[in-house]
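Structure at a glance
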Amino acid sequence: MNKRFLLSAGLMATLSLAAQNNTATITVKVDEGKQIIPKEIYGQFAEHLGTCIYGGLWVGENSSIPNTNGYRTDVFNALKALKVPVLRWPGGCFADEYHWMDGIGPKAQRPKMVNTNWGGTVEDNSFGTHEFLNLCEMLGTEPYISGNVGSGSVEELAKWVEYMTADGESPMANLRRENGRDKPWKVKYLGVGNESWGCGGNMRPEYYADLYRRYSTYCRNFGNNRLFKVASGASDYDYNWTEVLMQQVGNRMNGLSLHFYSVINWNSKGSATEFSADDYYRALGKCRDIDELLKRHIAIMDRYDPRKRIALLLDEWGTWWDQEPGSTPGHLYQQNTMRDAFVASLSLDIFHKYTDRLKMANIAQIVNVLQSMILTNAQGGMVLTPTYHVFRMYNVHQDATYLPLDLTCMQTPVAASDWTVPMVSATASKDKAGKIHISLSNIDLDAAQEITIRLQGANVTKVSGEILTAGNIADHNTFEQPNAVAPKAFNGAKISKGTLTVTVPAKSIVALELN
Ligand code: AHR
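Residues numbered from 1 in each chain as written. Predicted model: local features only at pLDDT ≥ 70, side-chain atom pairs only at ≥ 80, totals over all residues. Heavy atoms only, no water.

Here's the deal with the overall build of the chain
The secondary structure content of the chain amounts to 10 helices and 28 strands. A compact globule built from 515 residues should have a C-alpha radius of gyration of about 24 Å, and the chain, at 23 Å, falls within 12% of that. Residue burial in the chain is summarised as follows: out of 515 residues, 58% are buried. For the chain, contacts bridging at least 24 residues in sequence account for 75% of all contacts bridging at least 6. Summed over all atoms, the accessible surface of the chain reaches about 20000 Å², with 49% contributed by carbon and sulfur. If the 50 positive side-chain charges of the chain are averaged to one point and the 53 negative ones to another, these points end up 7 Å apart. (Helix = DSSP H or I, 4+ residues; strand = E, 2+ residues; numbered from the N terminus. Rg over C-alpha atoms; globule rule 2.2 N^0.38 Å. Buried < 20%, exposed > 50% of the residue type's maximum accessible area, 1.4 Å probe, protein only. Contact = heavy atoms within 4.5 Å. Areas by Shrake-Rupley, 256 points an atom, 1.4 Å probe, with all protein chains shown as cover. Lys, Arg positive; Asp, Glu negative; His and termini not counted. Charge placed at Lys NZ, Arg CZ, Asp CG, Glu CD.)

Structural notes on the sheet that holds strand β15 (residues 358-364)
The strand order around the closed barrel formed by 8 strands is β4-β7-β10-β11-β12-β13-β14-β15, and the pairing between neighbours is parallel. Pairwise comparison of adjacent strand axes, ignoring direction, gives a mean angle of 30 degrees for this sheet. One ladder, built from 4 bridges, connects strand β12 (residues 228-235) with strand β13 (residues 255-261); its direction is parallel. Each bridged residue has a counterpart across the sheet, and for alanine 231 the counterpart in β13 is leucine 256. Sheet contacts for helix α8 (residues 289-304): β12, β13, β14 (311-318) and β15; angle to β13, the most-contacted strand, approximately 160 degrees. Sheet contacts for helix α9 (residues 338-353): β14 and β15; angle to β14, the most-contacted strand, approximately 170 degrees. (Pairing = 2+ DSSP bridges. Axes fitted to C-alpha atoms, helices over the stretch in contact; angles between N-to-C directions.)

Here we look at the domain arrangement of the chain
By the assigned domains, the chain splits into domain 1 (3-33 + 404-514) and domain 2 (40-398). Just the C-alpha atoms count here: the centres of domain 1 and domain 2 sit 30 Å apart. Contact with domain 1, which involves 44 residues of that partner, is made by 41 residues of domain 2. When domain 1 packs against domain 2, close to 3200 Å² is buried across both sides, 68% of that on carbon and sulfur atoms. (Domains from an automatic or database assignment. Buried area = accessible area lost by both parts, 1.4 Å probe.)

Quick notes on the nonpolar core
By size, the foremost hydrophobic cluster in this structure holds 121 residues, and its most contacted members are Leu294 and Phe351. The element that contributes the greatest number of residues to this core is α9, accounting for 9 residues. Each of domain 1 (3-33 + 404-514) and domain 2 (40-398) gives at least three residues to this core. Among the nonpolar cores identified, the runner-up in size contains 27 residues, and Cys409, Ala426, Ile451 and Leu455 belong to it. (Core = buried A, V, L, I, M, F, W, Y, C linked by side-chain atoms within 4.5 Å.)

A closer look at the packing of helix α2 (residues 129-139) against helix α3 (residues 154-165)
The angle between the axes and the distance between the axes are what describe a pair of packed helices. The geometry of α2 relative to α3 is characterised by a closest axis approach of 12 Å and an angle of 50 degrees between their N-to-C directions. By the angle class used here, α2 and α3 are oblique. Judged by the sense of rotation from one axis to the other, the crossing of α2 with α3 is right-handed. Facing α2, whose interface residues are Thr129, His130 and Leu133, α3 presents Trp160, Tyr163 and Met164. For the contact of α2 with α3, the per-class residue count stands at 4 nonpolar, 2 polar and no charged. (Parallel < 35°, antiparallel > 145°, perpendicular 65-115°, else oblique. Left-handed = near helix turned anticlockwise from the far one by under 90°. Nonpolar A, V, L, I, M, F, W, Y, C, P; charged D, E, K, R; others polar.)

Structural notes on the confidence of the model for the chain
Atom-level detail of predicted coordinates should not be read off regions where pLDDT is low. When the pLDDT values of the chain are averaged, the result is 95; 96% of them are 70 or greater. With pLDDT under 50 throughout, residues 8-19 is counted as low confidence; its partners more than four residues away or in other chains account for 17 contacts. (pLDDT = per-residue confidence, 0-100.)

Regarding the state of the cysteines
Put plainly, two cysteines are in a disulfide when a covalent bond ties their sulfur atoms together. As enumerated under the stated definition, the model contains 1 disulfide in all. Across a sulfur-sulfur distance of 2.2 Å, cysteine 93 and cysteine 199 are joined as a disulfide pair. The disulfide joining cysteine 93 to cysteine 199 has a torsion of about -85 degrees about its S-S bond and is therefore left-handed. Of this pair, cysteine 93 sits in the loop between β7 (86-89) and β8 (113-115) while cysteine 199 is found in the loop between β11 (189-192) and α5 (205-217), placing the two residues 106 residues apart along the sequence. (Disulfide = S-S within 2.5 Å.)

Overview of the pairing of strand β28 (residues 508-514)
Counting buried residues in β28 gives 6 out of 7 residues, a clear majority hidden from the surface. In the sheet, strand β22 (residues 436-442) pairs with β28 via 7 bridges, with the strands oriented antiparallel. Pairing of isoleucine 438 across the sheet is with leucine 512, part of β28. Strand direction decides the pairing type here: strand β24 (residues 463-469) and β28, joined by 7 bridges, are antiparallel. Bridging from a neighbouring strand, glycine 465 pairs with leucine 512 of β28.

What about the site of the ligand?
The immediate surroundings of the ligand are formed by Phe45, Glu47, Gly92, Cys93, Trp118, Asn194, Glu195, Tyr261, Glu316, Trp320, Gln365 and Leu370. Between the ligand and glutamate 195, the relevant distance is 2.8 Å, taken from an oxygen atom to a side-chain nitrogen or oxygen of the residue. At a separation of 3.0 Å, an oxygen atom of the ligand approaches a polar side-chain atom of glutamine 365. Taking 280 Å² as the accessible area of the ligand by itself, protein coverage stands at 94%. (Near = heavy atom within 4 Å. Polar contact = N/O pair within 3.5 Å; in protein donor to acceptor, adjacent residues only side chain to side chain.)

Structure follows, in structure tokens:
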């Protein structure tokens, strides 16, 4: 590796002063904070895929693995600590083949189906609407239901909404009562289809726009429940999809989704745990593409909706590596290293900048699938991934006031690509108690970064912190060594005359709290 540059306020200049290597300066504009970072930016996604639901979240009441009413107790407790604000379910591609009536009533009588999207696994429907919505209630999480448009009907979706949310006398509310739930659940987010351009029906945007209008008409607000209806949005760089939906659906939708996975080559995604330094920097270059992508989708939305009434929801994002050796094909089980932790921290830093339009993001997925928070095995083992630790360290930003910042740091060109990546990424917010939180990532594999931080408009005297780092960038947690990568107390920050100086070691993520 390669020639490095100084990046300042978006402009690059070739650096000649060796003394400036591995230094960065940040000005946090504490006096300019206005925008709230919605907690839903820290959303999660749970699909009937591999062992996300069965074996991950749910083992059933009769399992020898400790559980609370069928939910794995260890996983439940870890998720509670994470503060999951919103959980999207039941898919993904699975959602457009899911018939919700198969997942209610006595478990022994629920029909089985084949999960054709994900490995042909037999789905016994023992985890259905009640099991999902009760889990959300227990976790204090907002449910986000993804409805079947691809292979379902308007009537089926309308009845599902009624079943979940109707409070009075109605056929579906009565059926719910027969199945043991008297009061309706509160369900805010309703996705009308998923990836309707692909596994959700291979539609053209014009056709889907009409279908959205039709389906959403019959998804009613019952009692005090108010639905926030989300139209199935674009994949990655498909700006035309966003254009057509904004033009032809407009304010009939409350939100429009977007999906982006950090994959460079879908035919050869690369190993989750065996990669070179160049592969690592390339993965970060790709993940940072989300910045430009968000800007361009948002610019389209701004033209039709300058008052920003329609939200953008990035309801699937994250890493997607080759199938883990020895794992079941089609189950998308993958390990999670410090590289994934950086994809998470860099992505979250970017999301914070766009929260006047971006109101939700759901990493894929919560347990045992893709860039998961948690990995479990059938023997009762559980590990928290490096990505879990980033989400836990960052949860202080949920519903806090976003503080804009200027960052000047070295950046490096990425081999065999057009990307350059800054060595330092940062974000800051002020919470409701007045504490300032700054998250810093030093992506450099080799060198520490000396970071000088000026807090414009604030007078702080105390700093404490946590650090997530590892000896090697490919380090990860296993059932044998569950704490190989785990946060530790951080003492590398000093305050003097209102200026903060921080030494962030190579390949480290640091969370600072200031007051
Ligand atoms: O998250 C895995 C899959 O990725 C989802 O089912 C689908 O929506 C996307 O293509």
